[in-house]
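Letter by letter, the chains look like this.
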Amino acid sequence: MNRDPFDTLRSRNPAPPESLPEAPMTLASRITAGRPTLRRGLAIATAAAAVVLVAGGGWLIWSRAGGGRDVVAPATTLVPETTTSLPLDQEEVPELVVYFLRDGALMPVARDLRVLNVRPLPDLGPLAIDLLLWGPGAWDAGPLPDPVAAAEAQLTTAIPEGTTLLGLTIADGVAIVDLSSEFAAASPQAIAQVVYTLTGLDGVAAAAFSIEGMPQAIGSLTSGVLTPHLESWGTPTGEPSVGREFFSMYPSDVMSDVMIEHPALGGTLRAGEAVILAGRLDAAEVTLTLTAVDGTLLWNALATPSDPAHLPPEVLEAAGGHGVWATLLAEATASDGSALDPSEIPVWLEPDVPFTDEPDLPEATTTTVPAPTTTLPAGTTPIMGHAAPWSGPGLAPDEVPAVALETWAAAENAAECALLFPADPAALADGAVLHDRYFGGGWGLAWDLPSGPGRWEPGGEYCADCGREAFGVAGTGGEPTGTEDSIWANRLEWTYGPEAGPRYSHAGYGYEGLTSGGAGEPVLAYLFIDHQGCMYNVWSFRGEEHLLALIEQLRFVEGTGGYGLGALQPFPNDMLTGCAGETARDLASFEAALANGPISLEALCALVGVPDYQTGSGLFIPAYDLADGSRLFLGYTGPRSDDLIYANLVSPDGETRDLLGK
Amino acid sequence: MTVVGAVDRPASPEARFSTLFARHYPAVFGYAARRVGRDEAGDAAAEVFTIAWRRIARVPAEPETLPWLYGVARKVVANQERAARRRLRLEARAAVSPGAAVEAPGAAALDVEAALLRLGSADREVLRLAAWEELQPAEIAAVLGCSANAAAVRLHRARQRLAGEMTREVPS
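Just so we're clear, the structure is a prediction, and the values are computed from it rather than from any experiment.

Let's talk about the packing of helix α2 (residues 25-32) of chain A against helix α2 (residues 38-54) of chain B
Piece 1. Their axes nearest at 10 Å, the elements α2 of chain A and α2 of chain B cross at an angle of 40°. The angle between α2 of chain A and α2 of chain B falls in the class oblique. In this structure, α2 of chain A meets α2 of chain B at a crossing whose hand is right-handed. Two secondary-structure elements touch here, α2 of chain A through L27, I31 and T32 of chain A and α2 of chain B through A46, F49, T50 and W53 of chain B.
Piece 2. Split by residue class, the contact of α2 of chain A with α2 of chain B holds five nonpolar, two polar and no charged.

Here is the structure:
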């Protein structure tokens with residue numbers, strides 16, 4: 001194959017420009033009218049074959065959120081005939097919604113799976129049904145806040161007592177649920193509870209029932225009863241499977257006048273998300289009122305079921321910028337102007353969804369963080385990235401101002417604390433002036449910005465126009481294996497470099513906290529990089545976005561002790577002699593070779609053969625490709641050295657493990 | 001028609017939004033379609049422009065508008081992908097992989113797509129931006145929020161790694 005794969009890729013554009021639709025200008029008008037058509041659509045799985053979901057045993061245990069006693073829930077499942085597990089995304093912490101009743105009408109209720117103390121989490125379908133069958137009282141999820149506990153206490157269920165789940169099959173968007181004989185006498189409410197709960201799952205549009213394996217039809221006009229009920233498939237006159245719309249056909253009181261479908265009771269409403277309404281009267285106009293726990297009015301909006309209102313992000317900022325409990329009230333007016341029964345639920349407000357699975361997160365241009373003068377959100381989730389910015393090629397010494405090199409060279413810790421420097425300081429702030437910044441025992445570099453925020457002297461008072469030390473980077477004393485960064489709520493973590501394993505780095509950041517905190521203070525990061533004998537300080541008076549952009553720009557300066565790793569090079573054929581004829585591709589061979597600890601590359605080569613690549617500019621790093629797609633990097637202090645520092649096995653999904661067991 | 005005196009008046013936010021919507025909707029739709037498929041692309045594009053409207057004052061002027069929109073789309077799509085992942089796995093369990101029979105690409109194309117999937121997501125994105133959105137390094141930099149220099153380096157390295165993955169795949 002001679003063609004550049006990049007050109008092949010270019011020719012494989014899945015949506016070439018000529019295939020793209022024109023701009024639908026009606027959408028533009030709707031957006032500017034403040035009524036965007038975002039919907040929480042039901043994703044229908046188009047699986048061609050059936051996927052059988054059956055709950056296995058052993059997962060029906062959860063612990064209280066507050067760390068109290070374990071609760072063992074009743075095991076409701078039989079030994080499954082076929083167990084096909086549909087593993088849950090581990091990064092995803094979902095909220096399941098089950099439908100209970102309040103005043104006899106359906107009420108979506110959130111079940112936060114973060115309290116499930118089981119890994120891996122079980123299949124969501126059977127779990128949702130079990131949570132439903134156990135009833136509202138079975139959710140003993142620890143100390144719920146008062147508004148939620150009070151709301152939960154009002155919930156009831158119509159599911160016949162003793163009903164158990166026998167099996168659940170999802171195929172072509174239809175969930176077929178097999179329940180025990182108790183459910184044969186199910187009321188319309190009970191059927192609606194199951195149908196709504198199942199169709200709330202991704203990929204499920206309709207539900208069908210069987211009782212003890214016997215298929216059931218739902219509702220039957222011939223029977224003369226205009227309410228949903230189950231009857232055996234022997235008289236197939238009713239519907240085999242039904243979706244939510246089915247219940248609007250019946251004048252039953254399954255639905256309340258207005259139902260807040262999203263967020264669910266006790267569930268999460270994020271900034272920018274729509275409040276989804278349903279109910280018996282589609283034409284009704286609904287006033288939404290969001291109130292803080294202390295009674296402060298947070299938000300007021302007018303909506304209809306077909307035209308939802310979106311929670312403006314400013315509301316959250318006003319409420320403190322991070323998650324808070326609040327009460328959402330929906331007051332409906334019928335088309336004739338009469339007031340209908342209101343609905344009120346406790347909800348958890350949360351800022352924009354964090355983009356936690358973006359590996360190169362530090363962003364300068366489009367980040368959603370608030371302006372520097374507001375309180376930083378307490379991000380408890382570490383932002384995971386794979387390649388640390390400084391794992392790439394370093395900066396050449398002549399790319400770096402002389403003052404930086406001189407400052408570093410004069411520092412006591414120069415030998416163990418390589419110089420980090422931004423690749424493009426001008427992009428961070430035009431016209432910034434670099435100078436050395438005193439950092440006792442270490443080195444420090446700071447950029448001044450005329451008349452910008454800063455302080456007159458190190459450790460001095462801040463002022464809005466001092467123009468000193470707008471941002472900077474420093475290598476301080478401190479243990480290289482320190483964990484001081486964990487004092488910050490906002491965490492950054494990088495697992496490995498693009499080519500090799502040793503670049504584990506982590507950082508934490510927040511307002512410096514020397515004064516009252518918040519506005520006017522620099523955002524400060526403590527940064528640790530493997531194999532560096534110091535803790536780095538990186539700071540900016542220009543806010544979080546700016547700090548993250550600065551961190552993203554940091555590179556080691558070559559010749560100052562950083563191990564900037566180069567690209568993988570083919571391993572030279574003639575470098576080693578006495579190697580095994582064929583290179584081993586299985587992990588066991590390498591584990592055996594390293595069983596007694598570090599060995600020289602020559603000795604290793606005799607056992608497992610010639611490496612595939614080499615890389616590294618501080619260490620000498622040969623690498624082997626294994627048959628399972630993982631890659632093994634061996635960090636030697638030099639080509640002829642027997643000093644093996646690490647043997648990092650990097651799996652295809654980026655997990656790194658040191659075979660030396662360090 | 002020229003209205004005297006209107007030249008220097010800043011356009012209303014609505015007019016400005018309308019213009020950028022008309023000009024860039026197809027490209028943003030295309031960006032999303034290439035990553036989450038055409039079915040989901042409409043929703044993603046609508047969300048991107050909703051965000052753009054909310055932050056209309058912060059949307060940069062041309063020619064930086066589209067890279068900015070791509071930057072927003074990148075995050076919107078990341079969220080959608082996360083939500084869709086579970087569903088995709090469901091589909092993957094089906095006997096027939098959906099859409100596989102629509103077109104039979106050459107072995108090279110299959111290889112390059114497989115190789116692309118084996119790359120890190122940062123590499124993958126920089127390659128797609130260059131190959132499919134046909135962006136220059138400076139524009140890629142605006143999408144990813146790095147310097148143009150860094151974008152060029154990233155693209156160069158991603159291309160190398162793509163080629164590396166291809167040779168890793170095919171034993172010679």
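Considerations on the state of the cysteines
Residue and element names in this part refer to chain A.
Piece 1. In total, this model carries two disulfides over all chains according to the counting rule given.
Piece 2. Each sulfur of the disulfide joining C417 and C534 lies 2.0 Å from the other. Across the S-S bond linking C417 and C534, the dihedral sits near 70°, which makes this disulfide right-handed. Linking C417 in the loop between α7 (402-410) and β21 (420-422) with C534 in the loop between β29 (523-529) and β30 (535-540), this pair joins segments that are 117 residues apart in sequence. Each member of the pair, C417 as well as C534, carries the same accessibility label: buried.
Piece 3. Here C579 connects covalently by a disulfide to C605, the sulfurs 1.8 Å from one another. Taking the torsion about the sulfur-sulfur bond, which here is approximately 110°, the covalent link between C579 and C605 counts as right-handed. A residue pair is termed long-range when its members are at least 10 positions apart, and C579 in the loop between β32 (569-570) and α10 (587-593) and C605 in helix α11 (residues 601-608) qualify at 26 residues.
Piece 4. Among the residues examined, C605 registers a relative accessible area of 0% and is labelled buried.

A short note on helix α5 (residues 188-199) of chain A
Piece 1. Taking 1.5 Å per residue, twelve residues should reach 16 Å; α5 of chain A reaches 16 Å between its end C-alpha atoms and fits that length.
Piece 2. Across the twelve residues of α5 of chain A, twelve count as buried, placing the element largely inside the fold.

Reading the values: the criteria
- Residues numbered from 1 in each chain as written.
- Chains lettered and ligands numbered in written order.
- Predicted model: local features only at pLDDT ≥ 70, side-chain atom pairs only at ≥ 80, totals over all residues.
- Heavy atoms only, no water.
- Axes fitted to C-alpha atoms, helices over the stretch in contact; angles between N-to-C directions.
- Helix = DSSP H or I, 4+ residues; strand = E, 2+ residues; numbered from the N terminus.
- Parallel < 35°, antiparallel > 145°, perpendicular 65-115°, else oblique.
- Left-handed = near helix turned anticlockwise from the far one by under 90°.
- Contact = heavy atoms within 4.5 Å.
- Nonpolar A, V, L, I, M, F, W, Y, C, P; charged D, E, K, R; others polar.
- Disulfide = S-S within 2.5 Å.
- Buried < 20%, exposed > 50% of the residue type's maximum accessible area, 1.4 Å probe, protein only.
- Expected span 1.5 Å × (residues − 1).

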